[in-house]
Amino acid sequence: MLTRDDLERYDRQIRYEGFGEEGQQKLKSSHVIVAGAGGIGCPASMYLACTGVGRITIIDSELVELSNLNRQVLHWDEDIGQKKAVSAARKLRSLNPSIRVVPIAAQITETNARDIINGASVVVDAMDNFETRAILNRVCVAEGIPFIHGGVWGLCGQVTTIIPGKTPCLACLYPQKPEEQTPFPVFGVAPAMVAVIQATEAIKIIAGFGRLLTGQMLYVNLATMDFCLREVARKPDCEVCGSRGNK
Amino acid sequence: MKIRLKSFFHFDITRVFDQNQIDLAGERPTLRALLQEVIQKSDGRIQVIEPETGYIDTEYFVLLNGRESQALPQGLETELHDGDEVGIGMMHFWGGG
Ligand SMILES: [Zn+2]
């Protein structure tokens, strides 16, 4: 049930036609996993928290470093050396004390992934490497949990929403590990932009309104202000969601 | 002939093209001609076409008015028209920030 405080805190979005108190209640009852507390995970979790997602689990095994602070907006100078998951959770609780925020300061592995995401409404991909994304993709497909992929490089970014069994999964699109560069150049505004789109997708999935980035990859380039949608298709022989997969 | 260009690269294309459109010479320039212009102007940093095969490199996508180049009946030999929009980009931006 929504409380009087809820009705006041979320008043401006409850007024949105097609969302209302029913949508707000759905958000309150939901559980979103934010996998990564970096440049994407910080703004994504902030917007999920202030929109009223009832439970947020934020996962990151790293410690805050000075070079993170140009973009990882939940970590401040005083947090350097702290666990990112804990630093993020502290700020999120302060932003919205009426929700539950659970930090997990551990790496996502084949062994723990299923337990971590068990029962989640949505998983937000805020990772920075192919291996962990691949693990999350596999588990989300197996468990039937929507997985919102986002990635950035420089001032470019990409987002797609994966609905298991309906849309292509990440392995359909990237069957092989792409070349990765670390550290890679990035302005904070690029992951922020991608994160806000991912958070919006999560909110729409949970509350059940709007149109999703399903079967489409959104590409953005903030250097040129170019945006484009590219149709993406399932691979019938995908190792994860297709005939060669486990599901 | 002016072609609107949308680009999604690791490389900052604004240092090569100061506007979001390319003025192509010739009566009937093709999609391939446009891509070659991009490759040349970027000093080869944007290798959209594989030199060995002449096809689009698997690391890239090319859209003509929102349609994948592979889905065009004439492929890269499709003739362009004034006001066409071409999107070129890297397949993936993998960082999480
Ligand atoms: Zn798949």
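Per chain, residue numbering runs from 1 following the sequence as it is written. Each chain takes a letter, starting from A, and each ligand takes a number, starting from 1, following the order in which they are written. With the structure being a predicted model, the display of local features is reserved for residues of pLDDT at least 70 and the display and counting of side-chain atom pairs for 80 or more, all residues being used for whole-chain, interface and lining totals. Note that water and hydrogens are dropped before the side-chain values are worked out from all heavy atoms of the structure.

## Quick look at the pairing of strand β5 (residues 147-153) of chain A
Residues and elements named next belong to chain A. In terms of residue burial, β5 counts as a mostly covered element, since seven of its seven residues are buried. Buried residues are those whose accessible area, probed at 1.4 Å on protein chains only, stays under 20% of the maximum for their type, while exposed residues exceed 50% and partly exposed ones sit between those limits. Counting from the N terminus, the helices are the DSSP runs of H or I reaching at least four residues and the strands are the DSSP runs of E reaching at least two. Side chains of β5 alternate between two faces, with F147, H149, G151 and W153 and I148, G150 and V152 buried alike. Pairing between strands is defined by DSSP: at least two bridges between the two strands are required. Bridge count between strand β4 (residues 122-125) and β5: two bridges; the pairing is parallel. Within the sheet, the bridge partner assigned to V123 lies in β5 and is F147. Read as a crossover between parallel neighbours, the route from β4 over helix α7 (residues 130-143) to β5 is right-handed. As defined by bridge partners, β5 adjoins strand β6 (residues 156-162) across seven bridges and the pair is classed as antiparallel. Orient the strands so they point away from the viewer, and a crossover whose first-strand-to-second-strand path over the helix runs clockwise is right-handed.

## Details of the coordination of the zinc ion
Residue and element names in this part refer to chain A. Water is not part of the atom set, so a site may look incomplete; the donors themselves are N, O and S atoms within 2.8 Å of the metal, or 3.2 Å for Na, K and Ca. Coordination of the zinc ion by the protein is provided by C169 (SG), C172 (SG), C238 (SG) and C241 (SG), with metal-donor distances spanning 2.3 Å. Think of it this way: with four donors and all angles in the 85 to 135 degree range, the site is tetrahedral; with four or six donors, opposite ones beyond 155 degrees and the rest between 65 and 115, it is square planar or octahedral; otherwise it is irregular. In this structure, the zinc ion is coordinated by four donor atoms arranged in tetrahedral fashion, with angles at the metal of 93 to 124°. Counting residues between consecutive donors of the zinc ion along the chain gives the motif C-x2-C-x65-C-x2-C. Taken together, the positions of C169 in the loop between β6 and α8 (170-173) and C238 in the segment after β8 (226-231) put the pair 69 residues apart, joining distant regions of the chain. For the residue pair C169 and C238, the accessibility class agrees, reading buried in each case.

## Regarding the sheet that holds β4 of chain A
All names here are of chain A. Here eight strands make up an open sheet; going across it, the order is β3-β2-β1-β4-β5-β6-β7-β8 and the pairing mixed. Looking along the sheet, the strands with just one partner apiece sit at the ends: β3 (100-104) and β8. Within this sheet the neighbouring strands show an average axis-to-axis angle of 15°, counted without direction. Two residues qualify as a contact provided that any one of their heavy atoms is within 4.5 Å of a heavy atom in the partner residue. Each axis is a line fitted through C-alpha atoms, and for a helix only the stretch in contact is used; angles between axes span 0 to 180 degrees, taken between their N-to-C directions. The strands touched by helix α5 (residues 84-95) within the sheet are β2 (55-59) and β3, with β3 carrying the most contacts at an inclination of about 170°. Set on the sheet, helix α9 (residues 189-207) makes contact with β1 (31-35), β4, β5, β6, β7 (216-221) and β8; between it and β5 the angle comes to about 170°.

## Brief notes about the pattern of salt bridges
Salt-bridge detection follows one rule: a side-chain nitrogen of Lys or Arg within 4 Å of a carboxyl oxygen of Asp or Glu. Counted according to the given criterion, the structure contains 18 salt bridges over all chains. For the salt bridge of D79 of chain A with R90 of chain A, the shortest nitrogen-to-oxygen distance reads 2.6 Å. Of this pair, D79 of chain A sits in the loop between β2 and α5 while R90 of chain A is found in helix α5, placing the two residues eleven residues apart along the sequence. Between E77 of chain B and R32 of chain B there is a salt bridge, and its shortest N-O distance comes to 2.8 Å. With E77 of chain B in the loop between β4 (67-68) and β5 (85-90) and R32 of chain B in helix α1 (residues 31-41), the pair connects residues that are 45 residues apart, well separated along the chain. For E77 of chain B, a relative accessible area of 41% corresponds to the partly exposed category.

## Looking at the confidence of the model for chain B
Residues with a pLDDT of 70 or more make up 100% of chain B, whose mean pLDDT is 90. ipTM for the predicted complex: 0.93, alongside a pTM of 0.96. Every residue carries a pLDDT, the predictor's confidence in it, which falls somewhere between 0 and 100.

## Considering α9 of chain A
Multiplying 1.5 Å by the residue count of a helix minus one yields the expected span of that helix. The first and last C-alpha atoms of α9 of chain A sit 27 Å apart over 19 residues, in line with the 27 Å expected at 1.5 Å per residue. Backbone geometry just after α9 of chain A places G208 of chain A at a positive phi near 75°.

## Focus on the interface of chain B and chain A
Between chain B and chain A, the residue contacts involve 21 residues of the former and 36 residues of the latter. As a working definition, buried area equals the accessible area (1.4 Å probe) given up by two parts on being put together, with both sides summed. Between chain B and chain A the total buried area reaches about 2,200 Å² when both faces are included, carbon and sulfur atoms providing 61% of it. Counting the surface chain B buries against chain A, the share from its top three residues, F93, W94 and G97 of chain B, is 35%. Taken together, chain B and chain A are joined by two salt bridges. When the shortest N-O distance is used, the salt bridge between R4 of chain B and D226 of chain A registers 3.2 Å. Between N or O atoms, a polar contact is any pair within 3.5 Å; within protein, one atom must be a potential hydrogen donor and the other a potential acceptor, and residues adjacent in sequence are included only when both atoms are from side chains. Where chain B meets chain A, there are nine residue pairs in polar contact (both at pLDDT 80 or more). Of all the secondary structure elements, the ones that give two or more residues to the side of chain B that touches chain A are β1 (2-8) and β3 (60-64) of chain B. The dominant element in the side of chain B that touches chain A, judged by the number of residues it contributes, is β1 of chain B, at five residues. Residues are grouped as follows: Ala, Val, Leu, Ile, Met, Phe, Trp, Tyr, Cys and Pro are nonpolar; Asp, Glu, Lys and Arg are charged; all remaining types, including Gly, are polar. Its residues assigned to classes, the side of chain B that touches chain A shows ten nonpolar, seven polar and four charged.

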